[in-house]
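# A closer look at the structure
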Amino acid sequence: MSEFRIHHDVNELLSLLHVRGGDGAEGYIDLLQKHRTPYVTTTVSAHSAKVKIAEFSKTPEDFLRKYEELKSKNVRNLDPLVYLLSKFSEDKETLQFLHQNAKERSESSANTTSTTTSSYTLPQTATKMSMQELDELRKKLGNVTASSNAPLSAEVTRKMLRDRHNKKNPTQPNPVFPNWVYDRPALLGDFIVSSTPAGDPPVSIGTMPLPAQEQALVEDLLFVLIGVDGRDITAQPVLGRQNRSFIVDPTLDMSIKELVNRILPVASYYSTITRFIEEKSSFEYGQVNHALTAAMRTLMKEYLILVTQLEHLHRQGVLSLQKLWFYIQPTMRTMEILASIASSVDKGECMGGSTLSLLHDRTFNYTGDSQAQELCLYLTKAASVPYFEILEKWIYRGIIRDPYSEFMVEEHELQKEKIQEDYNDKYWDQRYTIVQHRIPSYLQKMADKILSTGKYLNVVRECGRDVTCPDAKEVLYTLKERAYVEQIEKSYNYASKVLLDFLMEEKELVSRLRSIKHYFLMDKGDFFVHFMDLTEEELKKPVDDIVPPRMEALLELALRMSTANTDPFKDDLKIDLMPHDVITQLLRVLAIETKQEKAIINADPTEVGLSGLEAFSFDYIVKWPLSLIINRKALTRYQMLFRHMFYCKHVERLLCNVWISNKDSKQYSLHNAKWFAAAFALRQRMLNFVQNIQYYMMFEVMEPTWHIMENNLKTASNIDDVLCHHTSFLDNCLKDCMLTNPELLKIFSKLMSVCLMFTNCMQRFTQSMRMERLSLEQGSMEGPPILSERTDEAEKKRLTSKFIAEQVDALQSDAGFEATIIKFDSNFSTLLLDLLDKLSIYSTNDCEHSMISIIYRLDFNGFYTERLERMAIERSQKATS
């Protein structure tokens, strides 16, 4: 289970339980991650837990009855659940909270039901019901009847299974037995219960002498043992999944009747087994059940041979009731086990892997009984043959041939092209998935490796290469699990190596990642200088006015004119104009797999006046199978990092332009230049902040994290490791660049906005000053300069500068420029202190030590130290009070 999945489940659980306050979800998530293991490492003893819950429960009989019912249905994870409930019963505080929570939920649901549930009223008895009212009443009664827990008939069950299969595989419908197979009950081996009662026998058996009674009962028993009613022993109709019962003539002698009742369970077992074989032999119940019924049919042949031999002895007149009991006893245990297995499979509605789990558990449960264990082992081996055939094709060739939906791995129809289109598309996770109830219990520990093995081979096959494991051997069921575990391990290692070599060497995965790093992580400095110079005017336009082909042409020009020209994959880089800014994009991503996702995706875009710079991003064309690693989710993270850094680079360029403009302004000797010096100092502080943030992100976050990922990729043993290292690289970059913390991101975006507004203000001021100078120069020279004018040029320049300075002083005095600069300084200082304070808190409390580097870089001379310490003291005083 991934970290995001754990986070989501914990939040949902807290929401359902209405838990507020405390450490929140983070504390529980940390505990779960510290104590989780990939496999079940302990065997839970359910007996003591069951006894504990029974003692705690007010109705222990109901609890035990429900437990046995679920156990007979082979419900997975029942024992761990019982163990967890027993732990709850020991914790009084948890019990009190759960009782209170249940009470609140029942009250709220009762209120909801009273407002939403429509009441059904019957017409008064005095009035006559119309046909319409009668039809409505019939429908309501039919709905109530349909919701009962009565088991469905075999015919309805077969139809449901057949429809489900045909819906999943419309091109390969299930073969169906002809109707006469089911319409002729005489073809079945079970009892045919007549609807009309048989007439009374001519002579009551109780009036006959004992030897005659015994001979008559022996003949009846021989018929009953093969599913045919006798004269004095008749079968009762079976309701649902009940065992067959019999009626014996009450006038029969008690001694004979006692012996008959000992033999009759064999006939009941025979009836159960026969019905199971006839029902589960249908194609709808799958290959595993079909193989199981075939093995049972073989054993039943031996049973029928025994009954035939006994019948032969009876015809010779040498078979007494005692001898029949003696001969039938060895078979009785076999029939009992077969009937028990048949009942369990039928009650649990088991198919495929669940049937094999039940058989495997029975085999181990009979460890002390060698004959019973050998019988179960024979059945399990026979039933597992078709399952292991599917398994072999999957782990040796990456192919699933599962016509009856029995295998643990299920295939879903997903298009691999969507990996590049949809952020939330989970091709790698959802194309092939594990179905828990289809996993045989003896393959539970290897389920993940079985899934991964087939997935690896399937990827290579979809690239047009035929692969087959060279160590392929037949997989056979055995009580020694190591035998087939070794085969699965070998095929897994082969599949991992084949796919990894294919991606790393033939598809050049690492080179592709380096190419993406050049552009999305701004690795090529000269390329970005060229590109930003070329597209500066274009990106100032509204996004709707930008012509994408022109941007593509400028991109190609920048690529050809820089060192990026040596990149063999540069043609895969594309321009992408997003419909929202980076903050909105981040919120969309953070809303994935939550209730807010649909609302955010369906919301109308609010960025009506979005500029080209805010909408600009790069995109990258990645083809299959590299799109498994560089999928849309990964590219979106790259885009977020790029847009964040690109915006910082843009603000830095604007501040540098202000610096250049200020250089021109220094030639004027301004009379009241105090505010101008403050503007210069503020611009320098802003530039220092932006440049240090960029340096931190590029050289203290991305570059070291990239080298760690690159070294990890060299030691990766399979594609899942590659995915994990790549995702971890992107997650760490996003986290350390403050993109996953909404609080830090909010402060940072405000800081960048203040810097942007300051540059706009300064640019407007510089532009107005230039206009004044231009108008003065044009007004003083109405023609070509003469000699006297050249002589007085220096004096005129001095007077012009003095006049401009006076005009600017008047302008700043009138428009309140000094107050504006002071306000910018105050806002910037407040936000920067807030950012440093929050970084100090997160680096201390959450152990995010990498973020503390920002504080050291920005506060290199201790300028903010005193104020930060003061803020920390005030915060601690508030916490104590």
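Residues numbered from 1 in each chain as written. Predicted model: local features only at pLDDT ≥ 70, side-chain atom pairs only at ≥ 80, totals over all residues. Heavy atoms only, no water.

### A short note on unusual backbone geometry
Residue Pro625 is reached from Trp624 by a cis peptide bond, and omega for that bond is 5°. The phi torsion at Ser405 lies on the positive side, around 55°, for a residue other than glycine. For Ser405, the location among the structural elements is in the loop between helix 15 (370-397) and strand 3 (409-411). One non-glycine residue, Glu508, lies in positive phi territory at about 55°. (Helix = DSSP H or I, 4+ residues; strand = E, 2+ residues; numbered from the N terminus.)

### Details of the environment of Asp249
As for its placement among the helices and strands, Asp249 is situated in the loop between strand 2 (246-248) and helix 11 (254-280). Of the residues examined, Asp249 reaches a relative accessible area of 14% and is grouped as buried. Apart from residues no more than four positions distant in its own chain, Asp249 is found in contact with Ile205 and Asp232. A polar contact is formed between the side chain of Asp249 and the side chain of Thr251, at a distance of 2.7 Å. (Buried < 20%, exposed > 50% of the residue type's maximum accessible area, 1.4 Å probe, protein only. Contact = heavy atoms within 4.5 Å. Polar contact = N/O pair within 3.5 Å; in protein donor to acceptor, adjacent residues only side chain to side chain.)

### Considerations on the nonpolar core
One finds Phe527, Phe618 and Phe689 to be the most contacted residues of the largest nonpolar core, which totals 109 residues. For this core, the element with the most residues is helix 26 (residues 674-715), which contributes 15 residues. Filtering out sequence-adjacent residues up to four positions away, Phe618 remains in contact with Tyr519, Phe520, Phe527, Phe528, Phe531, Leu555, Leu573, Lys574, Ile575, Asp576, Gln639 and Phe642. Residues Ile341, Val345, Met408 and Val409 belong to the second largest nonpolar core, which totals 84 residues. (Core = buried A, V, L, I, M, F, W, Y, C linked by side-chain atoms within 4.5 Å.)

### Things to note about the pairing of strand 6 (residues 616-620)
Counting buried positions over the five residues of strand 6 gives five, a clear majority of the element. Alternating positions in strand 6 separate into two faces, Phe616, Phe618 and Tyr620 on one and Ser617 and Asp619 on the other, with burial throughout. In this structure, strand 5 (residues 573-577) lies alongside strand 6, joined through five bridges in antiparallel fashion. Bridge pairing links Lys574 to Asp619 in strand 6. (Pairing = 2+ DSSP bridges.)

### What to know about the environment of Leu539
Examined against the element boundaries, Leu539 turns out to sit in helix 20 (residues 525-539). Through-space distance from the C-alpha of Leu539 to that of Leu613 is 5.0 Å; in sequence the pair is 74 residues apart.

### Notes on the pattern of salt bridges
Working definition: two side chains of opposite charge can pair if their charged atoms are close together. If you walk through the whole model with that rule in mind, you get 26 salt bridges. A salt bridge links Lys280 to Glu279, with the shortest nitrogen-to-oxygen separation between them at 4.0 Å. The pair Lys280 / Glu279 is uniform in exposure class, with both members buried. Here Arg653 makes a salt bridge to Asp533, at a shortest N to O gap of 2.9 Å. Here Asp533 lies in helix 20 and Arg653 lies in helix 25 (residues 632-665), a separation of 120 residues in the sequence. Assessed through its relative accessible area of 22%, Arg653 is described here as partly exposed. Three or more residues joined by partner-sharing salt bridges are found here, namely Glu279, Lys280 and Asp346. (Salt bridge = Lys/Arg side-chain N within 4 Å of Asp/Glu carboxyl O.)

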